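Structural features, examined
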Amino acid sequence: MAEFVEKRCEEMILELEQMERIKLFDKNEVRGIAKKRKEHEYKIERHTKCKEDYLRYIQYEMDLLKLVKQRREKLGITQKKSSIDYSIANRVNRLYKQAIYRFQDDVRFWIAYMKFCKNVGFQSCVGRMLGKMLLIHQDKPKCWHIASQWEIEESKDLQNARQLLLRGLHFHPNSTLLFMDMYKLELKEALIKRNESEKKEESTEEDSETPKEWKRVQVIYEQAFKRIKDIKFIIELLNLTKEFENTEFLQNRIVSDMVKEYSNEPLLWDTMARRELLETASVNNMAMEVDSTEAPSLRDRILSCNEIFQVAVKKLRNEEIWSLYIDFLLEINQENESLPNLKRKLLKTALSQGHQAKNLKERHYLYWIKMLSTDKKDDNTQSKLVQVLGWATESFPNNEKLWHLRLNYHLTTNDDELSNGLFKQATEQLGEKSFPLWKTKLLHVQAKNPDKVQEFFQAALFGPLNVAKEMKPLYLEWAVLTKNISETRKIYNSITQQPPFSYELHKKMIEIEIMQPKISVQNTRTAFELAIMQFGKHKPDLWIDYTMFEMKHGDPLKTGEVHTRAVKTLYPKLTDKFIFEYTLLKANPDFISMSSRN
């Protein structure tokens, strides 16, 4: 192994000397390059070969080549490219070939090698490698795709690409990827032939319905349609066809076949409706049971499109077609410069129909509510908004956003009896997810009935566990702002032992105590001790905060006692974190700020 490595290192000497001679690198840098290469060479010569060793060596040489180019540009050095730049590129080429030979099953090496060859101008090397890749990986459609795309994009050889794709389809007759590649290739060639024939002023008209240059395209399409029973794929073929000129006859053929084969697929109707909107001249929709008109205006096309969807929702009667219908109307409503009233009217009608059919999604109700909320504030609109809010929560009783919107609206009407009943209904339905509603209701009570706030907090403490937990620190905050510290301490002492326990409650009380003009060390320690009793095993930050408090406001001599208790109390996996932060704190008390801790 050593003799091979030494031989290759000797072959690099001239290259390294040239680097130093033309001052691309200094002496120390050249030594570093030689040392690094030698390390990589030994790694790839080990008895047990490793992909990562090759990848690291290749990446090192690629980075070196990039650095050489950067220094050439910066220093204006152009000489010795063949003995430096090309030498590095050839080394990477050799490494890739070795890696591919040793790890033939890893397609990533083949793909990376092709990209490398393209970047450094070694395209001729790829042609020889493609055949080997396909021989080994003929079971992977992706490889046939890669090979054919190379022939099309780099070699500009459509005939070779066609042969590769035909062979690929022989092995993978149901590959959507290969059929798409083949179809696109034939479309391109048909367009080239048509343009050539037009330049020669040759007639492209044929006795048959299909122009001769498009016949091969049609054959590929027919095979794809026959073998692959997937409407999404056929729609992709249709969309690809639309990108090419003079393909209306082929588009009509695809549409006709889709109508016959996939009349019960929602995507078919969505595609047909969207084509009706985008086409300047309408497509024949007789098979879709919709009358067509000639040279339609935008209004006519929107109405025709809507009519197709109306036929579809009556025929299919499922959530998917309704979603496609509503989503389409939402899309066209994003553009408000043309026919905004018509678009909005169609959307509102469709939303009402979708609700009646029980096929609206949550996001559709949310948009409907938003739309009504921004409409002109008259009695009819407000009445409709109330109705839709009710429909939304009935359809999705576990959706917190919909309940929140409904409650928020009724709180603004000042109908306390109605809003109280709705709040009770919503919180019972949502249970643990109802905290946002409690918070909204709290703000309302604080603004309208401040004398009932404490009663509201007490009710919240007996609500769902998550609500009670989140409300406790808010209760303290309210108490200290509206009452006094003595009352706040009483409230804290009364709720601190009441499940569910809240870490944020203790943090809030400690924060309040430290903010007092005259800090009560005893009361603050009590809050810390109660927090430790409930959360001391898994909160190292709590012990750090306690230590900081004693150092700044209490008795610094007690910090040792806090440290001992923390080490004994904390779970073993958390002890190291505490000891590390404690050591930093003792060394520099300002290193950690209590106000910045979570």
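Residues numbered from 1 in each chain as written. Predicted model: local features only at pLDDT ≥ 70, side-chain atom pairs only at ≥ 80, totals over all residues. Heavy atoms only, no water.

Regarding the overall build of the chain
In terms of helices and strands, the chain carries 30 helices and 0 strands. In terms of C-alpha radius of gyration, the chain reaches 37 Å, well past the compact-globule figure of 25 Å for 598 residues. The dimensions of the chain, computed from C-alpha atoms along their principal axes, are 100 × 85 × 45 Å. Taken across its 598 residues, the chain has 46% of its residues classed as buried. Relative to all contacts within the chain whose residues are 6 or more apart in sequence, the contacts with residues 24 or more apart total 59%. By element, 50% of the accessible surface of the chain is carried by carbon and sulfur atoms, the whole surface being about 32,500 Å². Of the charged side chains in the chain, 97 are positive and 88 negative, and the gap between their average positions amounts to 5 Å. (Helix = DSSP H or I, 4+ residues; strand = E, 2+ residues; numbered from the N terminus. Rg over C-alpha atoms; globule rule 2.2 N^0.38 Å. Buried < 20%, exposed > 50% of the residue type's maximum accessible area, 1.4 Å probe, protein only. Contact = heavy atoms within 4.5 Å. Areas by Shrake-Rupley, 256 points an atom, 1.4 Å probe, with all protein chains shown as cover. Lys, Arg positive; Asp, Glu negative; His and termini not counted. Charge placed at Lys NZ, Arg CZ, Asp CG, Glu CD.)

Quick word on unusual backbone geometry
Residue Pro499 is joined to Pro500 through a cis peptide bond whose omega torsion reads 0°. Looking at the element boundaries, Pro500 is found in the loop between α25 (485–495) and α26 (503–515). Here the phi dihedral of Lys23 falls at roughly 65°; this positive angle occurs in a residue that is not glycine. In this fold, Lys23 is placed in the loop between α2 (13–21) and α3 (27–44). Phi at Lys358 is positive, roughly 60°, even though this residue is not glycine. Considering the arrangement of structural elements, one finds Lys358 in the loop between α17 (340–356) and α18 (362–374).

Concerning the packing of α17 against α18
Following both chains from N to C, one finds α17 and α18 inclined at 135°, their axes separated by 11 Å at the closest point. The angle between α17 and α18 falls in the class oblique. In the crossing of α17 with α18, the sense of the turn from one axis to the other is left-handed. Two secondary-structure elements touch here, α17 through Arg344, Leu347, Lys348, Leu351, Ser352 and His355 and α18 through His364, Tyr365, Tyr367, Trp368, Met371 and Thr374. Partitioning the contact of α17 with α18 into residue classes produces 6 nonpolar, 4 polar and 2 charged. (Axes fitted to C-alpha atoms, helices over the stretch in contact; angles between N-to-C directions. Parallel < 35°, antiparallel > 145°, perpendicular 65-115°, else oblique. Left-handed = near helix turned anticlockwise from the far one by under 90°. Nonpolar A, V, L, I, M, F, W, Y, C, P; charged D, E, K, R; others polar.)

What about the pattern of salt bridges?
Using the criterion set out here, one finds 35 salt bridges in the structure. The salt bridge partner of Arg94 is Glu41, with a shortest N-O separation of 3.5 Å. Here Arg94 is found in helix α5 (residues 85–102), whereas its partner Glu41 is found in helix α3, with 53 residues between them in sequence. With a relative accessible area of 25%, Arg94 lands in the partly exposed category. Between Glu487 and Lys490 there is a salt bridge, with the nearest N and O atoms lying 3.7 Å from each other. In this pair, Glu487 and Lys490 both sit in helix α25, 3 residues apart, roughly one turn of the helix. Because the salt bridges share partners, they merge into one network encompassing Arg8, Glu41, Glu45 and Arg94. (Salt bridge = Lys/Arg side-chain N within 4 Å of Asp/Glu carboxyl O.)

Details of the confidence of the model for the chain
Counting all residues, the mean pLDDT for the chain is 89, and 93% of those residues have values of 70 or more. Within the model, the stretch residues 204–208 combines pLDDT values under 50 with 7 contacts to residues more than four positions away or in other chains. The model gives residues 280–289 a pLDDT under 50, and that stretch makes 21 contacts with residues more than four places away or in other chains. (pLDDT = per-residue confidence, 0-100.)

Regarding the side chain of Glu61
For Glu61, the location among the structural elements is in helix α4 (residues 51–75). Within polar-contact distance, the side chain of Glu61 engages the side chain of Arg37 at 2.9 Å. Beyond its immediate chain neighbours, meaning those up to four positions away, Glu61 contacts Arg37, Ile88, Arg91, Val92 and Leu95. (Polar contact = N/O pair within 3.5 Å; in protein donor to acceptor, adjacent residues only side chain to side chain.)

A short note on the packing of α25 against α26
Packing of α25 against α26 leaves a shortest axis separation of 11 Å and a crossing angle of 160°. Taken together, α25 and α26 sit at an angle that is classed as roughly antiparallel. By crossing handedness, the relation of α25 to α26 is classed as left-handed. Side by side, α25 and α26 meet where Ile485, Thr488, Arg489, Tyr492 and Ile495 of the first sit next to Leu505, His506, Met509, Ile512 and Glu513 of the second.

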